[in-house]
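So you can see what is in the structure, the chains are spelled out below.
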Amino acid sequence: LKTGIWNSEYCTNINTSNSKLEELQDFRMFQRLTVSGSGKIFMKRRVHHVNSSAIVTALHFVSRTSCTAFGNSLIPNPKITFGNNRFSYTAPSPKNSDPKGVNRINCLTKMFGSNSNIGSTCWDGSDKNAFASLSHPGYSDTSDEKNHVGGWLAHRLNVDTANCWVKDVSKEDLTKFDYYSNGGLQRKPRILVIYGSLRESSFSRKLAFEFARLLEELGCDVRTYNPVGLPVRDPTLENEIKVKELRALSLWSDGHVWVSPEMHGQITGVFKNQIDWLPLNTGSVRPTQGRTCCVAQVNGGSQSFNAVNTLRTLARWMRMPCCTNQSSVPKAWQEFDDAGRMKDSPLRDRVVDVAEEFAKFTAVMAPVAEELTNRYSERKEKAKEGRLLTQAEKEVQKTTKESKQS
């Protein structure tokens, strides 16, 4: 093993036969480990002992597409054994590596059993650099079985990259914006994708995943939120991990993609519940202000625009500039194949149009978002109070003032 990321709360003493290991860097949210001349990695806190009789004792989840060992070779289908707090890994020969990273694995989750246990600030976004890191354990294609956090790359699961229409479109004529030009973001746009159904065969999720795939081809950093496990809006549950994850993802993002089914002429409760958990302000922080928004809907019957119209109203209320284009997919059950992929049609072409426009719209808007949301009234309030007050604090001030006048 050449490199590795280890969480300070869970890993302690790792034995390896490789005597050439060097000091490992933590990637911000993980503490630094030091390698002795005998090839042992030590740290102060002893919680787990991880051992292996093979060459490799652990893996480094270095990117969103692969695990790395033996230099830069990708390792498909590793043999992993658990038991008695021990983790053992046997790697296949590098010549059998998977060049496309199709068989990637979230090594941290496999090691610790639950990626919700990885670091106290892992999911709440309190460490912004760690939460933004591409090494974050949320970049997996499946959510945690217990708490349903992570799984931000679920749109990549079981995708046949050799026969993917998104890849084909990208090769043909997909306009890709230069995010690194002068005055640009100087990084990939960060996009949060939200959908509004818990059904196993959810068409809103299928459409949301198609948007996620397209936006990745357009060069965006995409995270898809899994609504499973998010409690119904209740102020007493604000410390629930799914609530913290959703709010942190919104703060991390430059823009949102919202996809809801239309039910009884409106968006679903599952979708609205996610929006309800995103407050207009938390103290002086506005989690959605200035972020762009893209809206889409699916219908079981004929085409309608009730849901996207409502989504636009929500976006405006949450101070989010909305992309002018939108997608409404009627008779959704006819528009997706058995693998959950959209069939070739004008409706699919429209989805490409919307994704392409939204990526460019976000690239243009994100660098100036702070300037656009720099308001006179808020500057005045900050100058007087030192910060933006919550609505509750304003009400207290108003009541106090009225009491003194009376």
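Calculation notes
Residue numbers run consecutively from 1 along every chain, following the written order of its sequence. For a predicted model such as this one, the threshold for reporting local features is a pLDDT of at least 70, and the threshold for listing and counting side-chain atom pairs is 80 or more; totals across whole chains, interfaces and linings nevertheless cover every residue. Side-chain measures were taken over the full set of non-hydrogen atoms in the model, leaving aside hydrogen atoms and water. Helix and strand definitions here come from DSSP, where helices need a minimum of 4 consecutive H or I residues and strands a minimum of 2 consecutive E residues; each element is numbered from the N-terminal end. Residue contacts are counted whenever heavy atoms from the two residues lie within 4.5 Å of one another. For the accessible areas, the method is Shrake-Rupley and the probe is 1.4 Å, while residue cover comes only from the protein chains on display. Buried Ala, Val, Leu, Ile, Met, Phe, Trp, Tyr and Cys residues that are joined via side-chain atoms within 4.5 Å together make up what is termed a nonpolar core. Only protein chains enter the area calculation, which uses a 1.4 Å probe; residues under 20% of their type maximum are buried, those over 50% are exposed, and those in between are partly exposed. DSSP calls a pair of strands paired once it identifies at least 2 bridges connecting them. Here is how to tell: hold the view so the strands point away, follow the path from the first strand over the helix to the second, and if it runs clockwise the crossover is right-handed. Pairs were defined over the aromatic rings of Phe, Tyr and Trp, the Trp ring being its six-membered one, requiring ring centres within 6.5 Å. Orientation was assigned from the angle between planes: stacked under 30 degrees, edge-to-face over 60, tilted for the rest. Axes here mean lines fitted to C-alpha atoms, for a helix over just the part in contact, with angles spanning 0 to 180 degrees between N-to-C directions. Every angle not falling under 35 degrees, over 145, or within 65 to 115 is termed oblique; those three ranges are roughly parallel, roughly antiparallel and roughly perpendicular. Whether a crossing is left-handed or right-handed is set by the direction in which the near helix is turned from the far one by less than a right angle, anticlockwise for left-handed and clockwise for right-handed. Residues were grouped as follows: Ala, Val, Leu, Ile, Met, Phe, Trp, Tyr, Cys and Pro as nonpolar; Asp, Glu, Lys and Arg as charged; and all remaining residues, including Gly, as polar. By definition, a salt bridge exists where a carboxyl oxygen of Asp or Glu is found within 4 Å of a side-chain nitrogen of Lys or Arg.

Chemist: I'm lost on the overall build of the chain in this one. Help?
Modeler: Within the chain, the secondary structure is distributed over 12 helices and 13 strands. Restricting the contact set of the chain to residue pairs at least 6 apart, pairs at least 24 apart contribute 70%. Here the chain displays about 20,100 Å² of accessible surface, and carbon together with sulfur accounts for 48% of that area.

Chemist: Please explain the nonpolar core as it appears in this structure.
Modeler: Within soluble globular proteins, side chains that are nonpolar tend to cluster in buried spots. Core analysis: the biggest nonpolar cluster contains 39 residues, and Ile191, Leu207, Phe211, Leu215 and Val257 have the highest contact counts within it. Only α3 (165-173), β9 (190-195), α4 (203-217), β11 (255-261), β12 (292-298) and α9 (346-365) provide two or more residues apiece to this core. Ranked by residue count, the leading element in this core is α4, at 8 residues. Ranked by size, the runner-up nonpolar core spans 33 residues in total, among them Phe131, Trp152, Tyr225 and Val295.

Chemist: Would you mind going over the pairing of β12 with me for this structure?
Modeler: On a regular strand, each side chain points to the face opposite its neighbour's, so the side chains alternate between the two faces of the sheet. Most of β12 sits out of view: 7 of its 7 residues are buried. Here β11 runs beside β12; their pairing, made up of 7 bridges, is parallel. Paired with serine 260 across the strands is glutamine 297, a residue of β12. Bridge count for β12 against strand β13 (residues 327-329) is 3 bridges, and the pairing is parallel. By the bridge assignment, valine 298 is partnered in β13 with valine 329. Once the chain exits β12 it traverses helix α7 (residues 306-317) before rejoining the sheet at β13, and the crossover so formed is right-handed.

Chemist: Just checking my understanding: could you explain the packing of aromatic side chains for this structure?
Modeler: Each pair of aromatic rings is reported with the distance of its centres and the angle of its planes. Following the criterion strictly, the structure yields 7 aromatic pairs and no others. Ring plane angle 85° and centroid distance 5.8 Å describe the contact between tryptophan 123 and tryptophan 152, whose orientation is recorded as edge-to-face. Of this pair, tryptophan 123 sits in the loop between α1 (107-112) and α2 (128-132) while tryptophan 152 is found in the loop between α2 and α3, placing the two residues 29 residues apart along the sequence. Its relative accessible area of 2% is what places tryptophan 123 among the buried residues.

Chemist: So what exactly am I meant to see when it comes to the packing of α4 against α9 here?
Modeler: Helix packing for two helices is described by the angle between their axes and how far apart those axes are. One can describe the packing of α4 onto α9 by two numbers: an axis separation of 10 Å at closest approach and a directional angle of 50°. Considered as vectors, α4 and α9 are oriented oblique to each other. As α4 packs across α9, the resulting crossing turns out to be right-handed. Packed against α4, whose contacting residues are Leu207, Phe211, Leu214 and Leu215, the element α9 presents Val351, Val352, Val354, Ala355, Phe358 and Ala359 at the interface. The residue inventory of the contact of α4 with α9, partitioned by class, reads 10 nonpolar, no polar and no charged.

Chemist: Even after reading the chapter, I still don't get the sheet that holds β13, so can you show me in this structure?
Modeler: Within a sheet, each strand pairs with its neighbour through backbone hydrogen bonds, oriented either parallel or antiparallel. Spatially, 5 strands are ordered β10-β9-β11-β12-β13 in an open sheet, and the strand pairing comes out parallel. What marks the edges here is a single partner per strand, and that holds for β10 (221-224) and β13. Sheet twist, expressed as the average angle between the axes of neighbouring strands with direction ignored, equals 15°. In the packing of α9 onto the sheet, the strands contacted are β9, β11, β12 and β13, and the crossing angle to β12 comes to about 165°.

Chemist: Which parts of the structure should I look at to understand the pattern of salt bridges?
Modeler: Should the charged atoms of two oppositely charged side chains come close, the side chains can pair. In total, this model carries 12 salt bridges according to the counting rule given. Residues glutamate 393 and arginine 387 are paired through a salt bridge, measuring 2.8 Å at the closest nitrogen-oxygen approach.

Chemist: What am I meant to see in unusual backbone geometry here?
Modeler: A negative phi holds for most residues other than glycine; trans holds for most peptide bonds. For asparagine 158, which is not glycine, the phi dihedral falls at a positive 55°. In this fold, asparagine 158 is placed in the loop between α2 and α3. On the accessibility criterion, asparagine 158 (75% relative accessible area) is exposed. At glutamine 186, a residue that is not glycine, the phi angle is positive and equals roughly 65°. By the secondary structure assignment, glutamine 186 is in the loop between α3 and β9. With relative accessibility at 43%, the residue glutamine 186 sits in the partly exposed group.

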